[in-house]
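Coordinate analysis (summary)
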Amino acid sequence: MMEKNLETLLRIKETQLIKAFEANNMTCLFVKDKEELMHYLRGVLNLQKKVAVGGSVTLNQLGVIDFIRESDVDFIDRYEEGISRDEMMNRFREGFFADLLITSTNALTMDGCLYNVDGTGNRVAAMIFGPKEVIVIAGLNKICQDEEEAIAHIRGCSAPANAMRLNKKTPCVKTGQCNDCHSTDRICSSYVKLAYQGQVNRIKVIIIEENLGY
Ligand code: SF4
């Protein structure tokens, strides 16, 4: 259980974030834990939708990938074991025609924006356009005050940690900090900020009250 002053602080941030995302035509919802999240997803996933996911440690930690696999949906499963690189790229493309994309985000800010860096780019491309709906699931550790803090989080945490996870031979794996490398192993190609959306409520941000992913 969260300490009472931290709980109060979180509720203040919750109100501010909901308002900020609404002002940018996105919805924002806080859920306490995995159980509440799955309850929400159960309601969303029971309609035989075509579903795609963005590459995400958060989704794997929460068991969302297995939850989708067990749901009554047409899942474009990028994580299926044994598929070739070509097949994976085909699934990335197919994802643009999904009814729903479920993904995480590298960072989100108190003014209601999402920040991500991608290598292949399929995840950020589908967040921007293609899937009819996008659900973004993020832990508390992804909340940043502003753009400067979001970029610092990505350069000092998200990107180096992902490079480590993928066994890349990049400088950040040794230094723990982005060195803006020109390595052939570089995983950072597209830096994307999602701000005010023309399509109202296409993007729904769900913040789960624990630290997840990076
Ligand atoms: S640009 Fe290179 S050094 Fe910077 S985080 Fe990405 S892979 Fe690491």
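Above this text sits the structure in question.
The paragraphs below set out a description of the structure included in this document.

Rules behind the numbers
- Each residue is numbered by its place in its chain's sequence as written, counting from 1.
- Under the rules for a predicted model, residues below a pLDDT of 70 receive no local features and side-chain atom pairs below 80 are neither given nor counted, while totals for whole chains, interfaces and linings still include all residues.
- Note that the side-chain values use all heavy atoms of the structure and ignore hydrogens as well as water.
- Between the rings of Phe, Tyr and Trp (Trp by its six-membered ring), a pair exists once the centres lie within 6.5 Å; its type follows the angle of the planes, with under 30 degrees stacked, over 60 edge-to-face, and the other angles tilted.
- Geometrically, a charge over a ring is one whose NZ (Lys) or CZ (Arg) sits within 6 Å of the ring centre while staying within 35 degrees of the ring normal.
- A strand pair is defined by DSSP finding two or more bridges across the two strands.
- Secondary structure follows DSSP: runs of H or I at least 4 residues long count as helices, runs of E at least 2 residues long count as strands, and numbering of each begins at the N terminus.
- The contact definition used throughout considers only heavy atoms, calling two residues in contact when any of these lie within 4.5 Å.
- Helix axes use the C-alpha atoms of the stretch in contact, all axes being lines fitted to C-alpha atoms, and the angles between their N-to-C directions lie in the range 0 to 180 degrees.
- Working definition: with a 1.4 Å probe on protein chains only, accessible area under 20% of the residue-type maximum means buried, over 50% means exposed, and in between means partly exposed.

Glancing now at the packing of aromatic side chains. Taken as a whole and judged by the stated rule, the model has zero aromatic pairs. Directly above the aromatic system of Tyr79 lies the positively charged group of Arg78, at a separation of 4.8 Å from the ring centroid.

On to the sheet that holds strand β9 (residues 190-194), then. With respect to topology, four strands assemble into an open sheet ordered β8-β5-β6-β9, the strand pairing being mixed. If you trace the sheet from one side to the other, it starts and ends with β8 (143-144) and β9, each paired once. With two bridges connecting them, strand β5 (residues 107-109) and strand β6 (residues 114-118) associate as antiparallel partners. Each bridged residue has a counterpart across the sheet, and for Ala107 the counterpart in β6 is Tyr115. Sitting on the sheet, helix α1 (residues 4-23) touches β5, β6 and β8, and the angle it makes with β5 is about 90°.

Take the side chain of Thr103 next. The residue Thr103 is located in strand β4 (residues 100-103) in this model. For Thr103, a relative accessible area of 0% puts it in the buried group. Not counting the four nearest positions on each side in its chain, Thr103 is found in contact with Gly54, Leu59, Arg123, Met127, Val134, Ile135, Val136 and Ile137.

Among the secondary structure elements, Leu166 is positioned in the loop between α7 (147-165) and α8 (171-175). With 19 residues separating them in the primary sequence, Leu166 and Asp185 have C-alpha atoms 9.7 Å apart.

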